[in-house]
Each structure stands twice: as structure tokens, then as C-alpha cells.
Amino acid sequence: MFAWIFFRADSITEAINIIVKVFTSSGFPFYETLSGLLFSVFGIMMLITVDLKREFFNDSFSILYNKYQFIRIAGIVIIVLTILLIGVFDGGQFIYFQF
Amino acid sequence: MGSNLGPIARFSLKLLLIVFIVFLCDRIAGELLQVFYFRQEAGVNYRTTYSIDSTNAEIIILGSSRASHHYVPDVFEEKLHGTCYNAGCDGTSILYDHAVFKAITKRYSPEYIIVDITPHSLEYNLADYDRLSVLSPYYSKNDVIKSIVDLKGPFEKFKYLSAVYPFNSLVIQIAMGNFEVYKQRNQGSRGYIPLYDVKGPEEIDTLRVAARGLDSNKMEAIRDMISTCRQKNICLIFVYSPMYHIISDRYHSDIVYNICSENGIRYFDMSNSPEFIKNHDYFSDGSHLNDEGARIFTAMLSEMIRQSE
């Protein structure tokens, strides 16, 4: 987990400062904005849903491989619109950008 | 799909159908988002819309969160006897200020425009370009905004072929801005957002400014603000408002100061003003004054503006 701090920080000094603050700073857990928090919750819920579906209901239902063309197309349209609506399009937000 | 068509023709037809449906849904969703976006009557999006489209205040404040938390319109109105609107916006840079400045000065000429600068005002930072996305909903509605948002990159104009893209990441804010409870809770005082926390009495630290290069677009933004204000007879003032950090590196602010000196523009550096640096009670955190500090700072600044006239 701590490796990600070194991965994202601008310098070793900054990474060490962050780790020190993790253990020394007090207060309410940080979240930048309410919408950011809700988007994160949405993303995590999506991930858990897909995992649960694959684990327990893998053969029961599929959107992109459904036998009905209408459902397949609706699935593709919803995915494209979701990417346009909540996808990351700006380089600076991307964690690998600095490499 | 006729069964006598070959596989490539069938695939192409299906692809065209999907593209058409995506296009249609994108238009419908985009129109809906636009209606609800511009129906907001509170919150950060509303403040940006009001700054761009509606304000006709005689005193305009521009800047980042330090502007929105530091400059109290009530105090300016009392001391300078003119209407005031605080158009500061969290996390933004001089590029955003320039866009709002151009949109405002295209409509009318305020008496004063006060621009709050930060220690990083002129440095190149990709995140500052990313943050121009807060102006995306105005891209197709306002030519001056479009010209600045296009600075984000050469592909930006293609992204706006989608009607949904301008509202990327804004769905929750739009929903909240349309809730009646949120509207009542967030009726800001002419753009000013007071902070009420009091910073703890920790030892003051020295602010380190990362060694990034100068951004020519930001330099150009400042020069354009100066020349526009000169043409339209607007009193432009740059202010470096108080911080609870020792500022040892003044590279960027010195450049702003030099440009101001060359052009006869007023520049007030109150970043390490003794009244504030010795009193942590005036701060909410190292970079932001709380309401008490903001009112004292605005009163002091108003007096300095009056005396310098």
C-alpha cells in the first residue's frame, strides 16, 4: 500500500512527509469533495457487483453477450455514455502521467 | 438486416446503428444536463454562471479559493461604496480568472477588478489546464470561454462534439444544485465563502515553491488583463493576500510585481503582513483566512485602495 505513495509523490521527501502525516495528523478522514466521494463509492460498488456476478451468477445473465440485440446495443450505449459522463479525460488526473 | 448481406456489410450496418443510437442518446442526455445545469441557483457551478452571465457589480474579485475565502463583499461595499461580487473559484488558476475576466469585460466595465495571486500564479502546471474543465458547460455558449478552454489541448474541440462531455463529472453537483434544501443552505454572500475554523498554534513553516518553468499562457493572460483594463478604463489591482507560511521564494510574485510596475498597475503584497503572520487565529489553515481574518484583511485592503487613489 505504501509503495503507491512513492509512486505518486513528486519526490522522496514528499513521500516521506505524507507517510509521517498519516501517523501524526489527526482529524476527520480526508475527502476532497462530496461528488468525488460519491463517484468513488459508485466505482467500488460497480467493481464489487461485477466480481459477485462473475463469482456466483456467471452463466445466468450477460448484457454484452445477450441473445437479444436490443439489450446488447443498450449495454454498449450505456457504457459509452457513462464513459463520457464520468470518465477521466484530463492527463493531469492520471496517476501514471508523471512517468 | 437482410440475410443476403455479407458479414462485413452486416457488421458495418450494426456499427452505424450503434453510432446513430449513441449520437441520439448523447444529444438527449446533453440537452437534459444543460437544462438542469443552468437551473442551479446555488453552489460552485451557479457562482461561475452568475460571474460569467449576470453580475454587474462595480467591484469584481477574481482568483482561486484564496479569493473566494478572503474577500468579503459586504466590507468592500461599506468601505468603497460600490456593489461587489466575489468570482473566486476553488482550485483554479489565472487561466480561469482570465476566462471569467474576458466574459465579464465583454459585457460591461466594472470600476475595479481585483485579482488575487498565489505563490504559483505563473508556473506551468498541467493540473491548471485540467481545472479549466469547470468552464466546459459554457464552451458552446461563449466564444471567449471557448478560446481559453481550447488551451487544454489540440483534441479539445473534438471532445465537444459530444453533448454530454461538457458535463463530465458534474452529474452529482448538478443534482445537488437543483435540490431545494441545498439551494437554501448554500445561498452565498455574493460569492464569498466564509470559513469558520481556527488554525491551531503550530509553528509557522516556510512555503516551498516547486521549481517549474514559467507558463507563457499565464503571462499572456496577465498582459491581456492589463491592456483590456487600460482600454476600458477599469482599475485593475493585483493582491497577494495573507498566508500563514513564511514566503522565502517570491519568484512568481516578483514577476507579477515587475509587470505591474512597468504598466502603472497597483500591486499589494500582504502575503507576510505582520498583522496576520503573527496571529494564527485569523487563519483556517496555512493558506486560507477564516471569516474573522477575511473581514480584517478586506477592511485593510479597502483602506489601502482608498489611500492609493
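Bear in mind that the values here come from a model prediction, so they are computed numbers and not experimental data. (Residues numbered from 1 in each chain as written. Chains lettered and ligands numbered in written order. Predicted model: local features only at pLDDT ≥ 70, side-chain atom pairs only at ≥ 80, totals over all residues. Heavy atoms only, no water.)

1. Details of the pairing of strand β1 (residues 59–62) of chain B
Residue and element names in this part refer to chain B. Side-chain alternation along β1 places I59 and I61 on one buried face and I60 and L62 on a second face that is also buried. The pairing of β1 with strand β2 (residues 84–86) spans 3 bridges and is classified as parallel. Counterpart to I59 in the pairing with β2 is C84. (Buried < 20%, exposed > 50% of the residue type's maximum accessible area, 1.4 Å probe, protein only. Helix = DSSP H or I, 4+ residues; strand = E, 2+ residues; numbered from the N terminus. Pairing = 2+ DSSP bridges.)

2. As for empty space enclosed by the protein
All names here are of chain B. If you walk through the whole model with that rule in mind, you get 1 cavity of 30 Å³ or more. By volume, the largest cavity amounts to about 50 Å³. If you go around the largest cavity, the residues you meet are V44, R47, T48, S51, Y85, N86, A87, G88, C89, D90 and Y96. For the lining of the largest cavity, the secondary structure elements donating two or more residues are α2 (44–54) and β2. Counting residues per element, the lining of the largest cavity draws most heavily on α2, which supplies 4 residues. Here the residues of the lining of the largest cavity are counted per class, giving 5 nonpolar, 4 polar and 2 charged. (1 Å grid on protein atoms, 1.4 Å probe; cavity = no way out; pocket = protein on both sides within 12 Å on 5 of 7 lines; lining within 4 Å. Points joined across faces, edges and corners; volume = space filled by probe spheres on them. Nonpolar A, V, L, I, M, F, W, Y, C, P; charged D, E, K, R; others polar.)

3. What to know about the side chain of B:K152
Within the fold, B:K152 resides in the loop between α7 (143–149) and α8 (156–159). Since its relative accessible area comes to 16%, B:K152 is described here as buried. Apart from the residues within four sequence positions on either side, B:K152 is in contact with A:D90, B:Y129, B:D130, B:L132, B:S133 and B:Y165. (Contact = heavy atoms within 4.5 Å.)

4. Let's talk about the layout of surface pockets
All names here are of chain A. The volume enclosed by the second largest pocket comes to roughly 590 Å³. In this structure, the second largest pocket is lined by 15 residues; those nearest its centre are V50, K53, I63, L64 and I79. If you list the elements that add at least two residues to the lining of the second largest pocket, you get α3 (34–56) and α4 (69–86). Ranked by residue count, the leading element in the lining of the second largest pocket is α3, at 6 residues.

5. A look at the interface of chain B and chain A
Taken together, the contact between chain B and chain A spans 24 residues of the former and 23 residues of the latter. Interface of chain B and chain A: buried area, both sides summed, is about 1,900 Å²; carbon and sulfur atoms make up 72% of it. At the boundary of chain B with chain A, the tally comes to 0 salt bridges. Joining chain B to chain A, the criterion identifies 4 residue pairs in polar contact (both at pLDDT 80 or more). For the side of chain B that touches chain A, the elements supplying multiple residues, two or more each, are α1 (7–38), α6 (126–130) and α9 (171–177) of chain B. If you tally residues by element for the side of chain B that touches chain A, the top one is α1(B), at 8 residues. Here the side of chain B that touches chain A is composed, by residue class, of 13 nonpolar, 5 polar and 6 charged. (Buried area = accessible area lost by both parts, 1.4 Å probe. Salt bridge = Lys/Arg side-chain N within 4 Å of Asp/Glu carboxyl O. Polar contact = N/O pair within 3.5 Å; in protein donor to acceptor, adjacent residues only side chain to side chain.)

6. Here's the deal with the pattern of salt bridges
Residues and elements named next belong to chain B. If you walk through the whole model with that rule in mind, you get 9 salt bridges over all chains. For D291, the salt bridge goes to R295, with nearest N and O atoms at 3.3 Å. One end of the pair, D291, and the other, R295, are both in helix α14 (residues 291–307), 4 residues apart, so they sit about a helical turn from each other. Exposure remark for D291: the relative accessible area of 14% places this residue in the buried category. On the accessibility criterion, R295 (34% relative accessible area) is partly exposed. Salt bridges sharing partners connect three or more residues here, namely D74, E77 and R190.

7. Quick word on the domain arrangement of chain A
Each assigned domain of chain A is listed with its residue range as follows: domain 1 (1–30) and domain 2 (31–99). Each of domain 1 of chain A and domain 2 of chain A has a C-alpha centre, and these two points are 28 Å apart. (Domains from an automatic or database assignment.)

8. Here's the deal with the packing of aromatic side chains
Taken as a whole and judged by the stated rule, the model has 18 aromatic pairs over all chains. Judged by centre distance (5.1 Å) and plane angle (80 degrees), the rings of A:F89 and B:Y165 are edge-to-face. Within this pair, whereas A:F89 is found in the segment after α4, its partner B:Y165 is found in the loop between α8 and α9, the two belonging to separate chains. On the basis of relative accessible area, A:F89 is assigned to the partly exposed category, the value being 30%. In this structure B:Y165 comes out as buried when scored by relative accessible area, which is 5%. Between B:Y160 and B:Y165 the ring centres are 5.2 Å apart and the planes differ by 80 degrees, which places this aromatic pair in the edge-to-face class. On the accessibility criterion, B:Y160 (12% relative accessible area) is buried. Taken together, B:Y71, B:F76, B:F276, B:Y282 and B:F297 form an aromatic cluster joined through their ring pairs. Looking at B:K141, its charged tip hangs above the ring of B:F38, at a distance of 4.3 Å from the centre. (Phe/Tyr/Trp six-rings, centres within 6.5 Å; stacked < 30°, edge-to-face > 60°. Lys NZ or Arg CZ within 6 Å of the ring centre and 35° of its normal.)

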